[in-house]
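What the coordinates show
As a plain string of letters, each chain reads:
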Amino acid sequence: MKVRAPTGRRAIIYGVHQVRLESVRRKSGGRIHLTPRVPRSGPVTTLCGQTLEAGSYAASDSPADCTNCARRSKDQARISGAFFAQEEGSELLRLSLEQARSRKPDLRVLPHPGSDKEKQVVWPAPKPPPEVVPDRLGELVTRGFKPSGEGVWRSPQGVIVRMHRHGKEWRFAELVYEGSVVATRVENGVRIRAADVEVTPADGGIEVAVKKPR
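A brief look at the structure comes next. (Residues numbered from 1 in each chain as written. Predicted model: local features only at pLDDT ≥ 70, side-chain atom pairs only at ≥ 80, totals over all residues. Heavy atoms only, no water.)

In this section: the side chain of serine 155. As for its position among the elements, serine 155 is in the loop between strand 10 (152-154) and strand 11 (160-166). A polar side-chain atom of serine 155 sits 2.8 Å from a polar atom in the side chain of aspartate 196. Among all residues touching serine 155, those that are not within four sequence positions of it are Gly144, Phe145, Asp196, Val197 and Val210. (Helix = DSSP H or I, 4+ residues; strand = E, 2+ residues; numbered from the N terminus. Polar contact = N/O pair within 3.5 Å; in protein donor to acceptor, adjacent residues only side chain to side chain. Contact = heavy atoms within 4.5 Å.)

The structure is reproduced here in structure tokens:
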């Protein structure tokens, strides 16, 4: 498609849509810029983002020497934005429709739905949700412990605590540790400390918890 520039203007053709850009320059001199259209009146916005006020510019028949305009003239998104900014979107729409008419339709023969045997979809077996460990199991504060079996818990420093079920409640049964164990008499019983685990009397019972190292 040939596009003729208006008299006194140099039209630059860009892109697959054959978009025409025109050259414009300040009357006071300076670089030559690109714009979708040089209007008869009113301000004009260049492709590099400058706005030239009415009466301060003139159309040019020389090629643009603005580096930013030249670089953005290769960006179709920039060109489209400039056209719509100057309310020239109808020109882009017309060019797009012309290009769509020139394209050949993509005709493909689709196989008959019954020509191939239907493949059975194998869905993966559902995984059970991860078991949620409560913050406390009877006399055991579970924070910091890792379960090691039915009623068996292990602390980060290797202390093994065994719990046994008494009705619906879990009670402390045994503490196993190969290192030193310190037992201290307190007001309402005996406190046992083994590495990072402490067993203390509490509310008529016992509390087993992981404590910070001293």
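Our next topic: the nonpolar core. In summary, soluble globular proteins display a tendency toward joint burial of nonpolar side chains. In this structure, Leu140, Phe145, Trp153, Val159, Val161, Met163, Trp170, Phe172, Ala194, Val197, Val199 and Val208 together form the largest nonpolar core, which totals 12 residues. For this core, the secondary-structure elements that each account for two or more residues are strand 11, strand 12 (169-176) and strand 15 (197-202). Excluding residues that lie within four positions of it along the chain, valine 197 makes contacts with Phe145, Ser155, Val159, Val161, Leu175, Ile192, Val208, Ala209 and Val210. Within the second largest apolar cluster, nine residues are counted, among which are Leu21, Leu34, Cys48 and Cys69. (Core = buried A, V, L, I, M, F, W, Y, C linked by side-chain atoms within 4.5 Å. Buried < 20%, exposed > 50% of the residue type's maximum accessible area, 1.4 Å probe, protein only.)

Two elements, strand 13 (residues 181-186) and strand 14 (residues 189-194), share six bridges in a ladder whose sense is antiparallel. Bridging across to strand 14, arginine 185 finds its partner in valine 190. What sits between the antiparallel neighbours strand 13 and strand 14 is a turn of two residues. Across three bridges, the pairing between strand 14 and strand 15 is antiparallel. Among the inter-strand pairings, arginine 193 is bridged to a residue of strand 15, identified as glutamate 198. Linkage of strand 14 to strand 15, two consecutive antiparallel strands, is achieved through a turn of two residues, within which alanine 195 is found at a positive phi near 55°. (Pairing = 2+ DSSP bridges.)

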